[in-house]
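Each chain, written out:
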Amino acid sequence: MTKLTLTAPAKLNLFLHINGQRDDGYHELESLFTMLDFGDELTFELSDYDDIEISGDVQGIPKEDNLIYKAASALLPRRRVKKGVTVHLTKHLPMGGGVGGGSSDAATTLLALNTLWNCQLSLSELANIGLQLGADVPVFINGKTALAQGVGEQLSSFEQAHKWYLVVAPGVHVSTAKIFTDPALPRDTPKLKAPWSMTETRNDCEELVKKLYPEVEKTLTWLLKYAPSRMTGTGSCCFAAFDDEQTAQRVLQDMPSSWQGFVAKSASESITHKQLATWLNKEK
Ligand SMILES: C[C@@](CO)(OP(=O)(O)O)[C@H](O)COP(=O)(O)OP(=O)(O)OC[C@H]1O[C@@H](n2ccc(N)nc2=O)[C@H](O)[C@@H]1O
Ligand SMILES: Nc1ncnc2c1ncn2[C@@H]1O[C@H](COP(=O)(O)OP(=O)(O)O)[C@@H](O)[C@H]1O
């Protein structure tokens, strides 16, 4: 039976600027996305039943709302192999934490089923399908450190020194839609002009989220004692950047027990793409 296991990595927004708002309500952004070498694990197994099944850590998400199901359903009309699929999910990423777990699961599903169902779609076709599922999905299809513009779909490659990141989930859920509809969110950051440096960047959602969720403020204040730190996306996860793994792990050991955290390295290329290439080589 054909079986494929892939990691759906976390992302960090190393900065997030909001430049304006479109007529449809979506925000124009500039954000530097980097992939981490840590994520959820998804196993795809083709089945003789002509349907999409999801098992594993899916508690709390109705099947039809699961981004894995939505991604698989979007590819159904394009499949050239008339088989169903069972997807087993092992969730390692905090949900709604700004590390993009749901979007990454969706992108990984598109990449896996494009191969297993022999859809023969290009990465840009997959990214277009992914954009209908969430603004961050194209970043994971692209799978590289990238500067995103527009609503997150215009991507340009970006070279960034790799670091070890301690990512802390403060245990509060921040709704992306709630932050983007709050009148107090700043929406007028000027677009970056080349050449720009990381020191002139920030996360425009951070002040608002800190005010609405004091636990996020507490997390950032704690992390900043050790290293340069920021919130990712619309939160609630925050990250601190370290030059070496040992220091990041030591700080993780000191972390208050009411929070959850992990240490991971940034990667130039998404782990999903590397695993898929290895699998394809073996199948040849
Ligand atoms: C802003 C980011 C940065 O990474 O936040 P995080 O979700 O990672 O925290 C993302 O682009 C979010 O992407 P994603 O979570 O896929 O967003 P979607 O599901 O498409 O949209 C969720 C809600 O956020 C708002 N939204 C999202 C993206 C955007 N550029 N402008 C918006 O105004 C929309 O109102 C929408 O109702
Ligand atoms: N497979 C999935 N994994 C995580 N969240 C999912 C999934 N499918 C649907 N969702 C929904 O998407 C929301 C956002 O998920 P996630 O991508 O983890 O957040 P964020 O974009 O803040 O990082 C979750 O709160 C959840 O309701």
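Residues numbered from 1 in each chain as written. Chains lettered and ligands numbered in written order. Predicted model: local features only at pLDDT ≥ 70, side-chain atom pairs only at ≥ 80, totals over all residues. Heavy atoms only, no water.

The name an unreviewed UniProt entry assigns to the protein chain is 4-diphosphocytidyl-2-C-methyl-D-erythritol kinase, from the organism Pseudoalteromonas luteoviolacea DSM 6061. Taken from UniProt, the Pathway (unreviewed entry) comment for the protein chain reads in full: "Isoprenoid biosynthesis; isopentenyl diphosphate biosynthesis via DXP pathway; isopentenyl diphosphate from 1-deoxy-D-xylulose 5-phosphate: step 3/6." (UniProt positions renumbered as here; feature names shortened; annotations may be inferred.)

K.L.:
Tell me about the packing of helix α1 (residues 67-75) against helix α2 (residues 101-116), and name the residues and values.
P.N.:
Interhelical geometry of α1 versus α2 gives an angle of 35° and a closest axis separation of 8 Å. In the crossing of α1 with α2, the sense of the turn from one axis to the other is right-handed. Judged by residue contacts, Leu67, Ile68, Ala71, Ala72 and Leu75 of α1 engage Gly102, Ser103, Asp105, Ala106, Thr109, Leu110, Leu113 and Asn114 from α2. Here the contact of α1 with α2 is built from residues that sort into eight nonpolar, four polar and one charged. (Axes fitted to C-alpha atoms, helices over the stretch in contact; angles between N-to-C directions. Helix = DSSP H or I, 4+ residues; strand = E, 2+ residues; numbered from the N terminus. Left-handed = near helix turned anticlockwise from the far one by under 90°. Contact = heavy atoms within 4.5 Å. Nonpolar A, V, L, I, M, F, W, Y, C, P; charged D, E, K, R; others polar.)

K.L.:
Explain the site of ligand 2 residue by residue, including any values.
P.N.:
The environment of ligand 2 is made up of 17 residues, and the closest members are Leu67, Gly96, Gly98, Gly100 and Gly102. In the model, an oxygen atom of ligand 2 is placed 3.2 Å from a nitrogen or oxygen of the Val99 main chain. Take Gly101: an N or O atom from its main chain is 3.5 Å from an oxygen atom of ligand 2. Coverage of ligand 2 by the protein amounts to 78% of the 550 Å² it exposes when considered alone. When residues in the shell around ligand 2 are grouped by element, the largest group, four residues, is from α2. Split into classes, the residues belonging to the shell around ligand 2 amount to five nonpolar, nine polar and three charged. (Near = heavy atom within 4 Å. Polar contact = N/O pair within 3.5 Å; in protein donor to acceptor, adjacent residues only side chain to side chain. Areas by Shrake-Rupley, 256 points an atom, 1.4 Å probe, with all protein chains shown as cover.)

K.L.:
With reference to specific residues and values, describe the UniProt feature "binding site: ATP" (unreviewed entry) in the protein chain.
P.N.:
Mapped onto the present numbering, the UniProt feature "binding site: ATP" (unreviewed entry) falls on Pro94, Met95, Gly96, Gly97, Gly98, Val99, Gly100, Gly101, Gly102, Ser103 and Ser104. Relative to the helices and strands, Gly100 resides in the loop between β4 (84-90) and α2. Note on Gly100: relative accessible area 12%, which makes it buried. The contacts of Gly100, once residues within four sequence positions are left out, are Lys11 and Phe140. Topologically, Ser103 is positioned in helix α2. Among all residues touching Ser103, those that are not within four sequence positions of it are Leu67, Asp136, Val137 and Phe140. (Buried < 20%, exposed > 50% of the residue type's maximum accessible area, 1.4 Å probe, protein only.)

K.L.:
Help me get a handle on helix α7 (residues 214-223), residues and values and all.
P.N.:
What α7 keeps buried is the set Val216, Thr219, Leu220, Trp222 and Leu223. Considered in projection along α7, the buried side chains sweep an arc of 160° and stay on one side of the axis. Contact partners of the buried residues in α7: β7 (164-169), α6 (206-212), β8 (229-231), β9 (238-242) and α8 (245-254). (Arc of directions from axis to C-beta.)

K.L.:
I'd like a rundown of the domain arrangement of the protein chain, residues and numbers included.
P.N.:
Along its sequence, the protein chain is organised into domain 1 (3-158 + 271-283) and domain 2 (164-267). For domain 1 versus domain 2, the separation of C-alpha centres amounts to 22 Å. Contact residues are listed per partner, giving 31 residues for domain 1 and 35 residues for domain 2. Carbon and sulfur atoms supply 63% of the area buried between domain 1 and domain 2, which totals about 2700 Å² over both sides. When the area that domain 1 buries against domain 2 is broken down by residue, the three leading residues are Leu16, His17 and Ile18, summing to 21%. Here domain 1 and domain 2 share zero salt bridges between them. Linking domain 1 with domain 2 are 19 residue pairs in polar contact (both at pLDDT 80 or more), by the criterion used here. Residue assignment for the side of domain 1 that touches domain 2 shows that the elements contributing at least two residues are β1 (3-21) and β2 (27-47). Of the residues in the side of domain 1 that touches domain 2, the class split is 16 nonpolar, eleven polar and four charged. (Domains from an automatic or database assignment. Buried area = accessible area lost by both parts, 1.4 Å probe. Salt bridge = Lys/Arg side-chain N within 4 Å of Asp/Glu carboxyl O.)

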